[in-house]
Amino acid sequence: MTGARQRVRAWAAELRPRTIAIAGWLVFLLYAYPGYMTSDSINQLLDSRVGTFNDWHSPVMTEVWRLIGFAIAGPFGMLALQSLLVIAGAHALLARITTPRRAALGAVGLLVFPPVMVTMAAIWQDSQMAGFLLAGLAAITSRRRGWQLAGLGLLVLASAMRPSAAFAVLPILVLGWSWRPAIVGRRRIALALAAWAAVWLGAIGLDAGLRDKATGHTRLELAISDVLGVLHYAPAFDDARARELLDGVPLQGTELDARAAAAYRHPNTLTSGPDRLFDPPQDADDRAPVIAAEYRLALAYPGAYLKHRWHTWFRVLGVHRTGVGKPVYTGFSGSITQSDEAAHIAWHSAVQRGAIAVVSPVAKLLCWPYLYLIAALVLLPVALRRRQILPAILLASGVAYELSLFVVAIGSQYALSHWLVTTTSFAVALMIRDAVSARKARAAAPAPAAAAAA
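Report follows, based on the coordinates.

**A word on the overall build of the protein**
Consideration 1: The helix and strand tally for the protein stands at 22 helices and 0 strands.
Consideration 2: C-alpha extents for the protein along the principal axes are approximately 90 × 55 × 45 Å.
Consideration 3: Every one of the 454 residues in the protein was classed for burial, and the buried ones make up 49%.
Consideration 4: Taking the intrachain contacts of the protein between residues at least 6 apart in sequence as the baseline, contacts between residues at least 24 apart amount to 75%.

**Brief notes about the layout of surface pockets**
If a probe the size of a water molecule is rolled over the atoms, the empty space left behind becomes visible.
Consideration 1: The calculated volume of the second largest pocket comes to roughly 650 Å³.
Consideration 2: Taken together, 28 residues make up the lining of the second largest pocket; nearest its centre are R96, T141, S142, R143 and G176.
Consideration 3: Mapped by element, the contributors of at least two residues to the lining of the second largest pocket are α8 (125-140), α9 (145-161), α20 (389-408) and α21 (418-444).
Consideration 4: When grouped by side-chain class, the residues that make up the lining of the second largest pocket number 14 nonpolar, 6 polar and 8 charged.

**What to know about the packing of aromatic side chains**
Consideration 1: In total, this model carries 12 aromatic pairs according to the counting rule given.
Consideration 2: Their ring planes at 90 degrees and their centres at 6.0 Å tell us that Y31 and Y36 sit as a pair that is edge-to-face. Residue Y31 shares its accessibility class with Y36, and that shared class is buried.
Consideration 3: Between W310 and W313, the aromatic rings sit 6.1 Å apart at their centres with planes inclined by 55 degrees, giving tilted as the arrangement. Pair noted here: W310 and W313 are both in helix α16 (residues 302-317), with a separation of 3 residues, about one helical turn.
Consideration 4: Every member of this aromatic cluster is reached through a ring pair, and the members are W310, W313, F314 and F406.

**As for helix α12 (residues 217-233)**
Consideration 1: Between the first and last C-alpha of α12 there are 24 Å, a value that for 17 residues agrees with the 24 Å anticipated at 1.5 Å per step.
Consideration 2: Most of α12 sits out of view: 12 of its 17 residues are buried.
Consideration 3: Those residues of α12 lying buried are H217, L220, L222, A223, I224, S225, D226, V227, L228, G229, V230 and L231.

**Considering the nonpolar core**
Consideration 1: The biggest cluster of nonpolar side chains holds 102 residues, and the ones touching the most others in it are F28, Y31, L133, L134, L173 and F426.
Consideration 2: Those residues in contact with L173, other than ones at most four positions away along the chain, are I140, L152, L155, R188, A192, A195, W196 and V199.
Consideration 3: Grouped together as the second largest cluster of nonpolar side chains are 28 residues, F237, A242, L245 and F278 included.

**Notes on the packing of helix α2 (residues 17-32) against helix α18 (residues 350-366)**
Consideration 1: Running from N to C, α2 and α18 cross one another at 95 degrees; their axes reach a closest spacing of 7 Å. Put simply, α2 runs roughly perpendicular to α18. Every residue of α18 that contacts α2 at L30, Y31 and A32 is listed here: V351, Q352, A355, I356 and V359.
Consideration 2: A class-by-class count of the residues in the contact of α2 with α18 yields 7 nonpolar, 1 polar and no charged.

**Examining a nonpolar patch on the surface**
Consideration 1: Side chains of W200, L201 and I204 sit close together on the surface and give an oily, nonpolar patch of about 300 Å² of accessible area.
Consideration 2: Counting through the fold element by element, L201 comes out in helix α11 (residues 185-210).

**Brief notes about the side chain of T424**
Consideration 1: Checked against the element boundaries, T424 lands in helix α21.
Consideration 2: Contacts of T424, omitting those with residues within four sequence positions, involve Y372, A375, A376 and L395.

**With respect to unusual backbone geometry**
Consideration 1: Put simply, Y33 and P34 share a cis peptide bond, and its omega is -5 degrees.
Consideration 2: In this structure, R387 takes a positive phi of about 60 degrees despite not being glycine.
Consideration 3: For R387, the location among the structural elements is in the loop between α19 (369-385) and α20.

Basis of the calculations
Residues numbered from 1 in each chain as written. Predicted model: local features only at pLDDT ≥ 70, side-chain atom pairs only at ≥ 80, totals over all residues. Heavy atoms only, no water. Helix = DSSP H or I, 4+ residues; strand = E, 2+ residues; numbered from the N terminus. Buried < 20%, exposed > 50% of the residue type's maximum accessible area, 1.4 Å probe, protein only. Contact = heavy atoms within 4.5 Å. 1 Å grid on protein atoms, 1.4 Å probe; cavity = no way out; pocket = protein on both sides within 12 Å on 5 of 7 lines; lining within 4 Å. Points joined across faces, edges and corners; volume = space filled by probe spheres on them. Nonpolar A, V, L, I, M, F, W, Y, C, P; charged D, E, K, R; others polar. Phe/Tyr/Trp six-rings, centres within 6.5 Å; stacked < 30°, edge-to-face > 60°. Expected span 1.5 Å × (residues − 1). Core = buried A, V, L, I, M, F, W, Y, C linked by side-chain atoms within 4.5 Å. Axes fitted to C-alpha atoms, helices over the stretch in contact; angles between N-to-C directions. Parallel < 35°, antiparallel > 145°, perpendicular 65-115°, else oblique. Patch = residues over 30% accessible without salt bridge, like charges linked within 9 Å, V, L, I, M, F, W, Y side chains within 5 Å. Areas by Shrake-Rupley, 256 points an atom, 1.4 Å probe, with all protein chains shown as cover. Salt bridge = Lys/Arg side-chain N within 4 Å of Asp/Glu carboxyl O.

What follows is the structure, encoded as structure tokens:
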């Protein structure tokens, strides 16, 4: 047994970094191929094929999918893009502080870490965002000017995936980017803030330039969620007060306060069915009163608004007793009908079913976003005090993005916290490595008495 173990170690020691990276990526594909898709993913795939760009999805992601579709049809091209961005970004960051072989092992380890892998396996905005953010971080912290410019471009693409991604980009630029080594202090921070504004505006401009039609879907969803939340948590009031606060919204029926409380638990009944609270908005003129009512209610009952947002955020973090939304998704489409529409029919292989059976229980044990947030909040001051810049950047970026969800989150999907989970996992691994290296250095150093005698 000892001889066999030694032969395995010798064989592993001879593996080249590129071989390790390719082998690790193939392990990821055994679990994820050809890329898992929900109803939204299928709809975006269809949009990319016909060239429809709306704000139900990220227009930039739809365009990326359209371009990749010229070479690789279906979800696999996007799966390859987001997973290879993670491997490349993590490897580039690690290669600056350790050997190429260990950098490859670390990059692969991050990709196949179950809480990270279960989201990276799906073609979602959150997965694409994480890939572009990590690759962008690696590029903008390079010493080469060309890579820094490419990194800014990658961060623009990341910010275009989700509007709140700009909060994840801010710590990356403020803590990690410098146009020239000679620029320090306040000048460096001011330049970083200017770059962040350019990235944010660039992402908004890209989305607006590609978008065919603005439906305001996401903004309307948030407004409706906040209106229901405030009505649910605010003190009871009569129909006259409700109509005053919801001025301009086409309300239906009476007992509005009680029906709003019921709709809070079952949002699908809000704008549909015979007992709907109001008619669904059809255009910008219908959406405007709902959004105005959101602001009016939040100002009239700030405590109820904050309580609603607090409870929503708790569900996102998995603190709520029902836990976070389903963390492991392994479906290929939303329905059989969608599979037919997209001409995409896939099923799990025997090996893939085995991989899912192994990964799923491990992921479910580790997919609790609030644990990663607590770890990040505890470790961020430690990393800053010890001047561990890369862990500090990762932790600050993950925390900033997660805090932004307090304002913008609507559902409680685990994927929303994917960037926090990825950055915290990566940062913890880096800080453990630094601690082990420091301990080895102390053990190898001569004792003070022996040094003095020498």
